Amino acid sequence: MHAADAPELTWANGAMHAHLDGEKLPYAYVGRLEGTAPVAEHVHESSWEVLCAIEASGTFTVAGVAKRLGARTCVSVPPATKHSWTPDPGTKLVGVQFYDPPGPQSRFKALAGQ
């Protein structure tokens, strides 16, 4: 699937958007994530997550350790590790997200009511 053909999912009253660009890839998922809402603490039981921020200003917490996430930075989250995102007020997260193996992106469908 070409990125331009990826469906857009929206949740958090329109504050968050995901494009499931590589949902059909067999070994990993790649997609775009954008929005201004925080992401509550959660885990992906069996998948690694890598988030590469294109635009960001806020706090990404992994396993209870809070670190600043800014533009042109990446964070990796091991499987079964609690993590969350808190944007600075008035800022937006724009990033590319990877899951290996794929699966956690299905939560975006649930959040968007699909």
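Preceding block: the structure.
Because the structure is a prediction, the values reported are computed rather than measured.

(A) Quick look at the sheet that holds strand S1 (residues 8–11). Strand order in this open sheet of six strands is S1-S2-S3-S10-S5-S8, and the pairing throughout is antiparallel. At either margin of the open sheet sits one strand with a lone partner, and together these are S1 and strand S8 (73–77). The average undirected angle you get between the axes of adjacent strands in this sheet is 20 degrees.

(B) Structural view of the side chain of His-83. Within the element layout of this structure, His-83 appears in strand S9 (residues 83–87). His-83 gets classed as buried once you look at its relative accessible area, which sits at 1%. A distance of 3.2 Å separates a polar atom in the side chain of His-83 from a polar atom in the side chain of His-44.

(C) Focus on the packing of aromatic side chains. Applying the stated criterion to the full structure yields two aromatic pairs. Here Trp-11 and Phe-108 contribute two aromatic rings whose centre-to-centre distance is 5.1 Å and whose plane-to-plane angle is 20 degrees, an arrangement assigned as stacked. With Trp-11 in strand S1 and Phe-108 in helix H1 (residues 106–111), this residue pair connects regions lying 97 residues apart in the sequence. By the burial criterion, Trp-11 is buried, and Phe-108 matches it. Between the aromatic rings of Tyr-29 and Tyr-99, the centroid separation amounts to 5.5 Å while the plane-to-plane angle is 20 degrees, which identifies the pairing as stacked. Here the residue Tyr-29 occupies a position in strand S3 (residues 29–35), and Tyr-99 occupies one in strand S10 (residues 93–100), the gap between them amounting to 70 residues. Grouping residues by exposure puts Tyr-29 and Tyr-99 together as buried.

(D) Quick peek at the sheet that holds strand S7 (residues 65–70). With respect to topology, four strands assemble into an open sheet ordered S4-S9-S6-S7, the strand pairing being antiparallel. Strands at the two margins of the open sheet, each flanked by one partner only, are strand S4 (39–42) and S7. Across the sheet, the mean angle from the axis of one strand to that of its neighbour is 20 degrees, orientation sign disregarded. Strand direction decides the pairing type here: strand S6 (residues 57–62) and S7, joined by six bridges, are antiparallel. In the strand pairing of S7, Thr-59 is matched with Arg-68.

So, how was this worked out
Residues numbered from 1 in each chain as written. Predicted model: local features only at pLDDT ≥ 70, side-chain atom pairs only at ≥ 80, totals over all residues. Heavy atoms only, no water. Pairing = 2+ DSSP bridges. Helix = DSSP H or I, 4+ residues; strand = E, 2+ residues; numbered from the N terminus. Axes fitted to C-alpha atoms, helices over the stretch in contact; angles between N-to-C directions. Buried < 20%, exposed > 50% of the residue type's maximum accessible area, 1.4 Å probe, protein only. Polar contact = N/O pair within 3.5 Å; in protein donor to acceptor, adjacent residues only side chain to side chain. Phe/Tyr/Trp six-rings, centres within 6.5 Å; stacked < 30°, edge-to-face > 60°.

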